[in-house]
Amino acid sequence: MTASLSRQAAVVENKALKEWVADVARLTRPAQIVWCDGSEEENRRLLAQAVSSQVLIPLNHKKRPGCYLHRSHPNDVARTEGATYICTPTKQEAGPTNNWADPAQTYAKLSKWLEGSMAGRTMYVVPYLMGPVGSPLARVGVEVTDSLYVVLSMRIMTRMGAVALEALGNSADFNRGLHCTLDCDPQRRLICHFPQDNTVWSVGSDYGGNALLSKKCFALRIASYLARRESWMAEHMLIVGVESPDGQVTYIAGAFPSACGKTNLAMLTPPPTFKGWKVRTVGEDIAWMRVGADGRLWAINPESGYFGVAPGTSWRSNPNAMKMLERDTLFTNVALTPDGDVWWEGIGQDAPEGTLDWQGRPWKRTSSGKAAHPNSRFTTPMYNNPVLSPKADDPEGVPISAILFGGRRATTVPLVLEAFDWEHGVYLGATMGSETTAAATGAVGVIRRDPMAMLPFCGYNMGDYFAHWLAMGKRMKHPPKVFMVNWFRKAPDGSFLWPGYGENMRVLEWIISRINGTAKASETPVGFVPADGALRLDDLDIGPENFKQAVSIDPSDWKEEIEEHEKLLRRLGKTVPQELWRQLERLKAAFHF
Ligand code: OXD
Ligand code: MN
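What counts and what doesn't
- Residues numbered from 1 in each chain as written.
- Chains lettered and ligands numbered in written order.
- Predicted model: local features only at pLDDT ≥ 70, side-chain atom pairs only at ≥ 80, totals over all residues.
- Heavy atoms only, no water.
- Phe/Tyr/Trp six-rings, centres within 6.5 Å; stacked < 30°, edge-to-face > 60°.
- Buried < 20%, exposed > 50% of the residue type's maximum accessible area, 1.4 Å probe, protein only.
- Lys NZ or Arg CZ within 6 Å of the ring centre and 35° of its normal.
- Near = heavy atom within 4 Å.
- Polar contact = N/O pair within 3.5 Å; in protein donor to acceptor, adjacent residues only side chain to side chain.
- Areas by Shrake-Rupley, 256 points an atom, 1.4 Å probe, with all protein chains shown as cover.
- Nonpolar A, V, L, I, M, F, W, Y, C, P; charged D, E, K, R; others polar.
- Domains from an automatic or database assignment.
- Salt bridge = Lys/Arg side-chain N within 4 Å of Asp/Glu carboxyl O.
- Helix = DSSP H or I, 4+ residues; strand = E, 2+ residues; numbered from the N terminus.
- Donors = N, O, S within 2.8 Å, 3.2 Å for Na, K, Ca; no water.
- Pairing = 2+ DSSP bridges.
- Contact = heavy atoms within 4.5 Å.

*Asks:* Before we move on, could you go through the packing of aromatic side chains and cite the residues and values that matter?
*Replies:* Summed over all chains, the structure comprises 23 aromatic pairs. Ring centres of tyrosine 460 and tyrosine 465 lie 6.2 Å apart, and the angle between their planes is 75°; this geometry places the pair in the edge-to-face category. As far as burial versus exposure is concerned, tyrosine 460 and tyrosine 465 are alike and both buried. Their ring planes at 5° and their centres at 4.8 Å tell us that phenylalanine 591 and phenylalanine 593 sit as a pair that is stacked. Judged by relative accessible area, which is 12%, phenylalanine 591 ranks as buried. Through a chain of ring-to-ring contacts, the aromatic side chains of Phe405, Trp422, Tyr460, Tyr465, Phe466 and Trp469 assemble into a single cluster. Here the basic side chain of lysine 490 rests over the ring of phenylalanine 496, its NZ or CZ set 5.1 Å away from the ring centre.

Right under this line is the structure:
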C-alpha cells in the first residue's frame with residue numbers, strides 16, 4: 001500500500017469497518033487499496049483511469065457531455081438468477097423460490113476462489129448511504145470491489161463516500177458487500193447473500209444487478225429480510241407523485257417485474273388533454289416503506305440514480321428520460337454511432353451508416369442481430385431527471401395512497417382492477433404472473449408467477465413474506481388502496497389494446513378518483529373495474545370496443561389463471577398464510593368454479 005493511500009484509510013475511524021476491510025485485503029491480497037470519498041476530484045481521476053484502461057469509451061462530449069459507453073463481457077449481460085443464492089442456516093428460511101446454500105460451506109468455497117484474487121490489482125472501498133441523509137429508513141453499506149465500472153456506477157446509484165461514513169459514525173451496522181470480478185467465467189459466478197450477517201459476496205460477474213451490491217442484493221434481498229425483522233418493507237417498486245390541476249399530490253407506489261416499464265411510468269408525461277396534471281418521480285425501482293405516526297405508509301427511494309433499460313426509450317415513449325440521458329450517463333451495451341453517440345432499437349430513428357453493435361462489431365440494418373443488447377442500460381443520476389419530485393431527498397419520504405401491481409400479460413388481466421381490501425390486494429400481488437424479459441438470463445416471454453415482482457429479490461421464504469404483508473396491513477390505520485394494472489393486453493390479432501406510456505395517465509386519474517371516492521366502478525369476481533364512461537378516453541385513438549376488451553374479465557381465462565394461483569400456493573407450501581387460501585376459495589366461489 002502506498003503512503004498516500006494508507007493516509008486515506010487512516011482518516012476512517014470506524015474500527016469495525018477498518019477491520020473488515022483488512023480481513024478482505026488479507027484474503028484477496030490487492031496491490032493497493034483505494035478508499036472512495038465520493039468527491040468530484042476522485043470521480044474525474046477514476047473516469048480518466050477507466051478511459052485509459054478501456055473500461056469506458058468516451059462519447060461525443062459535445063453531444064453528450066460527461067457520457068461514456070461500457071461494453072460488458074458478452075457472457076455477462078443480465079442478472080443470473082440461477083447463480084444467486086440465499087445462505088441461511090436452514091433451507092426453510094430461504095424457501096422454495098430461492099436457491100439455498102449452507103452459509104459456512106459457501107464462505108469456505110468462495111474464500112478459496114477469492115484467495116489472492118486481487119493480486120496486482122486495486123481494491124476499492126466504496127461506502128454508500130441508501131436513502132436521504134437523516135431518514136429514519138436510511139442505512140449504510142460498504143462495497144469492496146476490484147471493478148472501476150462498479151465504483152463509477154455506485155457513485156451515480158447511491159450517495160457515496162464521505163456522506164456515508166458520516167452517517168455510519170462508529171457503528172458496526174453496515175452491509176458488508178464483497179465483489180470480485182475474478183475472470184468473469186460463468187462457471188465461477190455466484191451471488192451469495194447472508195441475511196443473518198448483513199453480508200453479500202458476489203464473484204464472477206461485473207453486470208449491474210449482480211455487481212452493484214447496493215441495488216438488488218442489499219436494497220432488496222438483504223433489506224427485505226431486515227424489514228421483516230424490524231417491521232418495515234423493502235419492495236421492488238417505483239414511487240410517483242401525481243399532481244392534479246388543483247395542486248393536490250397523490251403518491252403511488254408500483255411493483256412491476258424487471259423491464260416492464262417502471263422507469264417510464266415513474267417519469268410519465270401526461271397527454272395534452274390532461275392539462276395541469278404533473279407526474280413527478282420519487283423512485284423508479286426500489287421503495288423502502290414504514291408505518292408513520294399518522295398510520296399511513298411512508299416511502300423513500302433508497303437510491304439516487306437510475307439503472308434503466310435503454311431499448312424502447314424514445315422522445316415518444318419517455319421524453320423526460322431522453323432529456324435525462326443527455327449528460328453524465330454511463331451507457332452499457334448500447335450501439336455506438338460513428339459520431340460518438342449512442343443508439344438502440346426503439347430510439348425513434350434509424351441507426352446511421354457505420355454504427356457498431358454492443359460488442360463493437362459493424363452493424364447494418366439488415367444484420368440479423370440487434371445493435372443494442374435487449375438488456376442494454378443507462379446509469380444516470382436522478383438529479384438529471386427533469387421531473388424529479390422535490391420530495392426525492394426528503395428524509396421523511398412520502399405518504400403512499402395506492403399500491404399498483406403490474407405484470408406483462410397478453411390476456412386475462414384487465415387494464416386496471418381495484419382490490420376489495422388490503423387482504424385481497426395482498427392476494428392479487430402474491431399470485432401475479434408476468435412474461436419473462438431480457439433483464440435476467442433465460443427464456444423470454446414465458447409467463448411465470450412473480451409475487452409482488454419480488455420473485456428474484458425476496459431474501460427469505462415467500463410464504464413468510466406474504467404473512468409480513470398481511471401483518472403490515474394490520475399495523476396501518478390508513479393502508480393504501482391496492483390495484484392491479486396491465487398495460488400489455490393484446491387483441492386476438494396480436495396488437496396491443498391499450499397505447500400505454502403517457503396515456504397510462506388516464507388509469508392513474510381513475511385510481512386517484514377511486515382514492516378520493518369520486519370515480520364509478522363495476523364489481524367483478526376479481527375486483528372493481530372502471531364503470532362505463534368512468535375512465536377518460538377523450539382524444540384517444542382507440543375505439544370503445546378495444547377499451548371494453550382491455551378491461552374485460554373472461555371466466556374461461558380466469559379458470560386457468562386461478563389454477564395457476566393454486567399451483568403457486570401449493571408449491572410455496574405450509575408457510576402460505578391461511579388468509580390467502582381463503583381468498584382463493586372466495587374467488588373460485590365468486591366464479592362458481
Ligand atoms: C433492474 C432489474 O435492473 O429489475 O432493476 O433487473
Ligand atoms: Mn428492478
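Back to the text.
*Asks:* Any details on the site of ligand 1? Residues and values, ideally.
*Replies:* Inspection of the region around ligand 1 gives Arg79, Lys215, Lys216, His236, Ser258, Asp285, Phe307, Arg377, Ala439 and Phe457 as its neighbouring residues. Within the side chain of arginine 79, one N or O atom sits 2.9 Å away from an oxygen atom of ligand 1. Note that an oxygen atom of ligand 1 is positioned 3.2 Å from one of the side-chain N or O atoms of aspartate 285. Notes on ligand 1: free accessible area 210 Å², of which the protein chains cover 95%. Its residues assigned to classes, the shell around ligand 1 comprises 3 nonpolar, 2 polar and 5 charged. Here the shell around ligand 1 spans two domains, and each of domain 1 (4-54 + 79-230) and domain 2 (234-304 + 389-553) adds at least three residues to it.

*Asks:* Can you tell me about the pattern of salt bridges, naming the residues and giving the values?
*Replies:* In total, this model carries 40 salt bridges according to the counting rule given. A salt bridge links lysine 559 to glutamate 563, with the shortest nitrogen-to-oxygen separation between them at 3.8 Å. Linking lysine 559 with glutamate 563, this pair stays in helix H16 (residues 555-572), spanning 4 residues, or about one helical turn. The class for lysine 559 is partly exposed, based on a relative accessible area of 40%. The network of salt bridges with shared partners includes Lys215, Lys216, Lys262, Asp285 and Glu303.

*Asks:* I'd like to hear about unusual backbone geometry, residue by residue, with values.
*Replies:* Trans is the common state for peptide bonds, and a negative phi is the common state for residues other than glycine. Despite not being glycine, cysteine 184 shows a phi value in the positive range, around 55°. Considering the arrangement of structural elements, one finds cysteine 184 in the loop between strand E9 (175-180) and strand E10 (190-194). What makes cysteine 184 buried here is its relative accessible area of 8%. The residue aspartate 539 is not glycine, and still its phi comes out positive at about 65°. Positionally, aspartate 539 belongs in the loop between strand E29 (527-530) and helix H15 (544-550). Assessed through its relative accessible area of 69%, aspartate 539 is described here as exposed.

*Asks:* Could you give me a rundown of the coordination of the manganese ion (ligand 2), with the residues and numbers involved?
*Replies:* Under perfect tetrahedral coordination by four donors, a metal shows angles of 109.5 degrees; under perfect octahedral coordination by six donors, it shows angles of 90 or 180 degrees. The coordination sphere of the manganese ion (ligand 2), as far as protein atoms go, consists of Lys216 (NZ), His236 (NE2) and Asp285 (OD), spread over 2.2 Å. Judged by its relative accessible area of 8%, aspartate 285 falls in the buried class.

*Asks:* Describe the sheet that holds strand E2 (residues 57-58), with residues and values.
*Replies:* The 5 strands lie next to each other as E2-E3-E19-E22-E18, forming an open sheet whose pairing is mixed. Strands at the two margins of the open sheet, each flanked by one partner only, are E2 and strand E18 (305-309). Summarising the sheet, E2 and strand E3 (residues 68-70) pair through 2 bridges and their orientation is antiparallel. Bridge pairing links proline 58 to tyrosine 68 in E3.

*Asks:* How would you sum up the side chain of threonine 199? Please name residues and give values.
*Replies:* For threonine 199, the position within the fold is in strand E11 (residues 199-203). A distance of 2.8 Å separates a polar atom in the side chain of threonine 199 from the backbone oxygen of aspartate 197. Beyond its immediate chain neighbours, meaning those up to four positions away, threonine 199 contacts Tyr107, Asn175, Arg176, Cys192, His193, Phe194 and Ile222.

Without other data, these values stay purely geometric and don't point to any function.
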